[in-house]
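# Architecture and fold: a report
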Protein chains: 2
Amino acid sequence: MDSEPAPGSTPYATARAHGHAARRTAALDTASELLERDGPGALTMRRIAAELGCSTTVLYTIFGGKSGIAEQLWLEGFDRLDRAVRGVREPDPLARLTGMGQAYRANALSNRAYYAVMFQRAIPGFEPSAQAYAASLRPLHALADAVEECIRAGVFAPADPMHIARVLWAASHGAVSLELVGYEGAIDAEERYECLMRAAAAWFMTGGGEG
Amino acid sequence: MDSEPAPGSTPYATARAHGHAARRTAALDTASELLERDGPGALTMRRIAAELGCSTTVLYTIFGGKSGIAEQLWLEGFDRLDRAVRGVREPDPLARLTGMGQAYRANALSNRAYYAVMFQRAIPGFEPSAQAYAASLRPLHALADAVEECIRAGVFAPADPMHIARVLWAASHGAVSLELVGYEGAIDAEERYECLMRAAAAWFMTGGGEG
DNA sequence: GCTGTACAGTAACGATGTTCTATTACAGTA
DNA sequence: TACTGTAATAGAACATCGTTACTGTACAGC
């Protein structure tokens, strides 16, 4: 889409001039588009290469293999989630926390394919590296920060913010996961989600987080 | 399920059907063993046939394809879950409900591969049929029954039992799902799980289920 | 014993991720 | 300018997957 080579220059020259970076981002853009448009099943090395106008060999030199591409998409998915969660700017701590919950669900619903890659092992052979895993914890830390402010504001009883954040994440994830799989009908999914969030929040207000 | 030719119940037809049924259960046993031993990735038509000592053609005549086998395993997974949940025989309604939650987690932990098939789309092309989906709701109804008794006993505030059951299931599923994926460390998984269950239960005791 | 049909085994087809091989395009030198 | 070396690429090949066409075979009914 960008990085049009100068007239007369060959692909080789372009790759060399811009380093692999341009080719790399172009490949990731293609993979991302393919993932969102046709789902994880359509994410094929040959298809990425075809849409990119090169052979699959290039993908192997850049990413090492399909797992390399999968990991980048995995990271992109968590980055989107992180931006969605951190984009909630409510001044009130509890409102921010519940807003983050809604942002979590909204992000999952509008990035279903990414969510499948992140949490449903949609790309068969892929397992995230420890490095990628560590990076994926950023949204959880954002949640924990909001929880900590709730505790400081006296809205939540004193407890380990990270513990509470993990519980809240698990609740959100469970509701959204079942909704995305199409389980138990999507009709009341939003109501169910908010009910679960309220339940968890109420519990931590009364100090249940300590037991 | 059916596949009985049925027109004219000649002894040969029934004998053939019996042989058919025997091969069918043998194939499912092999598939199940393969699934549990080597994971969903090892569930291959050729491999099932090899372990069974026949060609893949047989599997296609019996199950129609890999999706047919996947659906049987899917149903078996939900059947195990159902048996685990209904096996809780606590007389006290609330104790039974929390016991069911623990049974849910225990069943998932000891049937990881099945859980992956059921909730993580571990078999790429497989989508459960509407029939299978309906059958998979049995454990949810068991949960709803326990909830209803909690309401009748005055432990839970009056509300739609199915609604509460779904929320509880979502919470359980979220915690277990993250635990199975290896997310957020498995160290405090049990504590986290119980915390979430207590939070949800407490919420419905105070009548949060109506709002 | 013969015929027809339904099933099983073999081999093939298309597609996948991955790798091997040969070619090509460029940079640096004499 | 011509040569050499290196890096990247394309294309075909390999192993595997789900699936299916073809072929033989074994059994029920006459």
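Residues numbered from 1 in each chain as written. Chains lettered and ligands numbered in written order. Predicted model: local features only at pLDDT ≥ 70, side-chain atom pairs only at ≥ 80, totals over all residues. Heavy atoms only, no water.

As annotated in an unreviewed UniProt entry, chain A carries the name TetR/AcrR family transcriptional regulator and comes from Haloechinothrix aidingensis.

## Points about the layout of surface pockets
Note the cut-off: Buriedness for pockets is judged along seven lines, at least five of which must meet protein on both sides within 12 Å for an open set on the 1 Å grid over protein atoms alone, while cavities are sets there where a 1.4 Å probe fits but cannot get out, and lining residues have an atom within 4 Å of a point. Grid points are joined across faces, edges and corners, and a volume is the space filled by probe spheres set on the points. Helix and strand assignments follow DSSP, with helices taken as H or I runs no shorter than four residues and strands as E runs no shorter than two, numbered in order from the N terminus. Each residue is assigned to one of three groups, with Ala, Val, Leu, Ile, Met, Phe, Trp, Tyr, Cys and Pro labelled nonpolar, Asp, Glu, Lys and Arg labelled charged, and all others, Gly among them, labelled polar.
By volume, the largest pocket is sized at about 900 Å³. The wall of the largest pocket is formed by 36 residues, among which A:Gln120, A:Arg121, B:Gln120, B:Arg121 and B:Ala122 lie closest to the centre. For the lining of the largest pocket, the secondary-structure elements that each account for two or more residues are α7 (112–119) and α10 (161–181) of chain A together with α6 (112–119) and α9 (161–181) of chain B. Sort the elements by how many residues they give to the lining of the largest pocket and α7(A) lands first, with 4 residues. When grouped by side-chain class, the residues that make up the lining of the largest pocket number 20 nonpolar, 7 polar and 9 charged.

## Brief notes about the interface of chain A and chain B
So the rule is basically this: Residue contacts follow a heavy-atom distance rule, with two residues in contact if any of their heavy atoms lie within 4.5 Å. Each reported salt bridge corresponds to a side-chain nitrogen of Lys or Arg within 4 Å of a carboxyl oxygen of Asp or Glu. By the criterion applied in these results, polar contacts are pairs of N or O atoms within 3.5 Å in which, for protein atoms, one can donate a hydrogen and the other can accept it, and in which residues neighboring in sequence qualify only through two side-chain atoms.
In this complex, chain A contributes 36 residues to the contact, which on the side of chain B involves 36 residues. The tally of links between chain A and chain B comes to 0 salt bridges. Connecting chain A to chain B are 3 residue pairs in polar contact (both at pLDDT 80 or more). The set of elements that each furnish at least two residues to the side of chain A that touches chain B consists of α5 (66–86), α10 and α11 (189–205) of chain A. Top contributing element to the side of chain A that touches chain B by residue count: α10(A), with 12 residues.

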